[in-house]
Amino acid sequence: QVWQIRLDMHLLNHDGNITDAASIAGIVALCHFRRPDVSVQGEEVTVYTPEERDPVPLSIHHMPICVSFAFFHQGTYLLVDPTEREERVMDGLLVIAMNKHHEICTIQSSGVVMLLQDQILRCSKITAVKVAEITELIQKALENDQKARKEGRKFGFAESIPNQRITAFKMESAAVDTNDVEEQAGEIIAKADPPSEIFATPVLHTPGTAQIGEGVESSWGDLEESEKEEAVEEEGESEAAAFECEKVETEDTSTLRETKTGEPIVLSDSEEEEVVILEPQELPRKTR
Amino acid sequence: EDAEGERLRLSAGAAPQGRLLCGPGLRRSGAGLLVTTCGLLRHRPGGGGAFWVDSQQKRYVPVKGDHVIGIVTAKAGDVFRLDVGGSEPASLSYLAFEGATKRNRPNVQVGDLIYGQFVVANKDMEPEMVCIDSSGKSSGMGIIGQDGFLFKVSLGLIRKLLAPKCEIIQELSQLYPFELVIGMNGRIWVKAKTVQQTLIIVNILEACEYMTAEQRKQALAKLSGN
């Protein structure tokens, strides 16, 4: 004869990363649970009620805790414990379950990201740190509850919810200084030229090589330092191409040139790092 | 005679005349009504009288006639599968758009946002949506345009925003011009001229969950003052 235990989890509300929260809730519930005491004499099994003998805890050998990592931009950016919005737009997810003895219990990767070995090792180091913190919190909470029960104080779920206060949809406000948003925005707009219209006419560099859409910036992007340098290199190359490309002396190129020079904010949508244009020198002669 | 539970009278005084409307949160059982959700009991005296339970929840359950925002997750032959935030994905036929014929199909891609209403929504069947009303006109439904920002709020806030002459929307429209689509499944889509404005409106709408009218007016005054 064995005991069978069932764990039901009810999700009341979430802002992403249900896995981690559920793993913590599950292991705490199991550690907190007490089962009726049993004594076995030969074939006779006596199950004592909670009044006869104090119920005993389960034998939990270790506490595995899940930690989730969200990857963006093919592994360039890593976020620990993603929120709902971050989860919706992430490329890939890595979940590592570890206990405080640094033993990995579960590792699961999903999504469209190819992970490198050193990334996974880095994630497991972060997991070790987080799991140590969380395990300590859990121990403290279990001890507090035990003390409260011994001292006769109130305990339980109802007690952990503060009364007379609406906290169900409360969110700590992240301080965002919107005071000089308009000035900052105004500065940026003053320095930048307006984004060029999308011209469908292709720019013909050489017979067989045409370019559509270069020079259009999205206003939805923020510029990182490295992207800026690459964008500047791209500008240089495409500028050179634009100058040598005699055929396109329409407004298209002139706006192209204008937006390229002195443009501090460019989001490069291009997947390629370098824009290599084949045989730009020979174009003027050939097209004439 | 008290049965197991307590039986309460809905209104002190004579029994109401005419037909009594039983709204969300109440269900008929035998001679009386059963309460199925926790919340405040509300009463509208108009007509024969209507009773319902005002409850706060985030989880949406599809109801026939509700206008919702769905996200296209799959195209299966002639039918689109939409995620509406319920327990099952809803189905939407490609012919359920204004002016759609077998030759003239609507341009719907996976990941698009659709604003439509339920024609079938019960616990036994998969919910079905359409983007036309009973006369065949779209009346505002269909594919929601590019860009913009979709976010989720509680159903209580949705009902507040959909009430006629909602103060929140009137005050926000003084701030910036914007496009707004409100789905009864807790989803709101906003689009303003710039990303900044869009995000500001999103943050205000989310904060309206727990801000009082005074705090909201203060926040908006700070924003429009700058």
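Reading guide: rules and limits
- Residues numbered from 1 in each chain as written.
- Chains lettered and ligands numbered in written order.
- Predicted model: local features only at pLDDT ≥ 70, side-chain atom pairs only at ≥ 80, totals over all residues.
- Heavy atoms only, no water.
- Helix = DSSP H or I, 4+ residues; strand = E, 2+ residues; numbered from the N terminus.
- Buried < 20%, exposed > 50% of the residue type's maximum accessible area, 1.4 Å probe, protein only.
- Contact = heavy atoms within 4.5 Å.
- Areas by Shrake-Rupley, 256 points an atom, 1.4 Å probe, with all protein chains shown as cover.
- Core = buried A, V, L, I, M, F, W, Y, C linked by side-chain atoms within 4.5 Å.
- Domains from an automatic or database assignment.
- Salt bridge = Lys/Arg side-chain N within 4 Å of Asp/Glu carboxyl O.
- Pairing = 2+ DSSP bridges.
- Axes fitted to C-alpha atoms, helices over the stretch in contact; angles between N-to-C directions.
- Phe/Tyr/Trp six-rings, centres within 6.5 Å; stacked < 30°, edge-to-face > 60°.
- Expected span 1.5 Å × (residues − 1).
- Arc of directions from axis to C-beta.
- Parallel < 35°, antiparallel > 145°, perpendicular 65-115°, else oblique.
- Left-handed = near helix turned anticlockwise from the far one by under 90°.
- Nonpolar A, V, L, I, M, F, W, Y, C, P; charged D, E, K, R; others polar.
- UniProt positions renumbered as here; feature names shortened; annotations may be inferred.
- pLDDT = per-residue confidence, 0-100.

Overview of the overall build of chain B
What chain B contains, in helices and strands, is four helices and 14 strands. Within chain B, the fraction of its 226 residues that count as buried is 39%. Put simply, of all contacts in chain B between residues at least 6 apart along the chain, 60% involve residues at least 24 apart. As displayed, chain B offers around 13,600 Å² of accessible surface, 52% of which is attributable to carbon and sulfur atoms.

Examining the overall build of chain A
Along its length, chain A carries eight helices and 10 strands. Across the 288 residues of chain A, 25% fall into the buried class. Partitioning the intrachain contacts of chain A with sequence separation of at least 6 by distance along the chain shows that 62% fall at a separation of at least 24. Just so you have it, chain A exposes about 20,900 Å², and 54% of that area is on carbon and sulfur atoms.

Some details on the nonpolar core
Note that soluble globular proteins tend to have their nonpolar side chains buried in a common cluster. All names here are of chain B. If you look at the biggest cluster of nonpolar residues, it comprises 28 residues, and the most contacted ones within it are Leu 92, Phe 97, Ile 114, Phe 118 and Met 129. For this core, the secondary-structure elements that each account for two or more residues are β6 (67-76), β7 (79-83), β8 (90-93), β9 (113-120) and β10 (128-130). Looking at this core, you find at least three residues from each of domain 2 (66-143) and domain 3 (149-224). Ile 114 has contacts with Val 68, Ile 69, Gly 70, Val 72, Leu 82, Leu 92, Phe 97, Val 108, Cys 131, Gly 142, Ile 143 and Ile 144, leaving out every residue within four places of it along the chain. Formed by 24 residues, the second largest nonpolar core is a distinct cluster that contains Phe 151, Val 153, Tyr 176 and Ile 182.

Structural notes on the pattern of salt bridges
All names here are of chain A. Tallied over the entire structure, the rule returns 16 salt bridges over all chains. One salt bridge in this structure joins Arg 6 and Asp 8, with 3.0 Å as the shortest N-O distance. Exposure remark for Arg 6: the relative accessible area of 68% places this residue in the exposed category. Given a relative accessible area of 48%, Asp 8 falls into the partly exposed group.

Here we look at the pairing of strand β3 (residues 32-35) of chain B
Successive side chains on a regular strand alternate, one facing one side of the sheet and the next facing the other. All names here are of chain B. One ladder, built from four bridges, connects strand β2 (residues 26-29) with β3; its direction is antiparallel. Bridge pairing in β3 links Arg 28 to Leu 33. From the end of β2 to the start of β3, which pair antiparallel, there are two residues, and Gly 30 there has a positive phi angle of about 65°.

Digging into the sheet that holds strand β8 (residues 104-111) of chain A
Residue and element names in this part refer to chain A. With antiparallel pairing, four strands are arranged side by side in an open sheet as β6-β5-β7-β8. Of all strands in the sheet, those with a lone pairing partner are β6 (77-80) and β8, marking the two edges. Taken pair by pair, the neighbouring strands of this sheet meet at an average axis angle of 20°, ignoring direction. Pairing geometry for strand β5 (residues 65-72) and β6, over four bridges, is antiparallel. Paired with Ala 70 across the bridge in β6 is Leu 79. Packed on one face of the sheet, helix α1 (residues 18-32) meets β5 and β7 (92-98) and runs near 175° to β5. Strands β5, β6, β7 and β8 of the sheet are contacted by helix α3 (residues 117-150), whose axis makes an angle of about 140° with β5.

A few points about the packing of aromatic side chains
Here a ring pair, both rings aromatic, is described through the centre-centre distance and the interplanar angle of the planes. All names here are of chain B. Taken as a whole and assessed by the stated rule, the structure comprises three aromatic pairs over all chains. Ring geometry for Phe 149 versus Phe 151: centroids 6.4 Å apart, planes at 40°, classification tilted. Of the two residues, Phe 149 and Phe 151, neither departs from the other in class, the shared state being buried.

Some words on the sheet that holds strand β13 (residues 178-182) of chain B
Residues and elements named next belong to chain B. Ordered in space as β12-β14-β13, the three strands form an open sheet in which the pairing is antiparallel. Each end of this open sheet is capped by a strand with a single partner; those strands are β12 (149-152) and β13. Neighbour to neighbour, the strand axes of the sheet diverge by 20° on average, direction disregarded. Across five bridges, β13 lies against strand β14 (residues 187-192) in antiparallel orientation. Bridge pairing in β14 links Leu 180 to Val 190. Across the sheet, helix α3 (residues 195-207) is in contact with β12, β13 and β14; its angle to β14 comes to roughly 150°.

Topic: α1(A)
All names here are of chain A. For α1, built from 15 residues, the straight-helix expectation of 21 Å at 1.5 Å per residue is met to within 8% by its first-to-last C-alpha distance of 21 Å. Looking only at α1, the buried set comprises Asp 20, Ser 23, Gly 26, Ile 27 and Cys 31. Seen end-on, α1 carries its buried residues on one side only, within an arc spanning 130°. In the core, the buried residues of α1 are packed alongside β1 (34-35), β5 and α3.

Side note on the packing of helix α2 (residues 167-175) of chain B against α3(B)
Residues and elements named next belong to chain B. Look at α2 against α3: their axes get within 12 Å of each other, and the N-to-C directions meet at 160°. The angle between the axes of α2 and α3 places the two elements in the roughly antiparallel class. The way α2 lies across α3 gives a crossing that is right-handed. In contact with Ile 168, Leu 172 and Leu 175 of α2, α3 contributes Ile 201, Ile 204 and Leu 205. Considering only residue class, the contact of α2 with α3 consists of six nonpolar, no polar and no charged.

Considerations on the UniProt feature "domain: Exoribonuclease phosphorolytic" (unreviewed entry) in chain A
This chain's UniProt record puts "domain: Exoribonuclease phosphorolytic" (unreviewed entry) on residues 2-36 and 62-126 of chain A. Span residues 2-36 of chain A is 43% helix and 6% strand, its end C-alpha atoms 12 Å apart.

Quick notes on the confidence of the model for chain B
A low pLDDT score tells you not to read the predicted coordinates there in detail. On average, residues of chain B score 86 in pLDDT, and 91% of them are at 70 or above. In the model output, the complex is listed with pTM 0.65 alongside ipTM 0.71.

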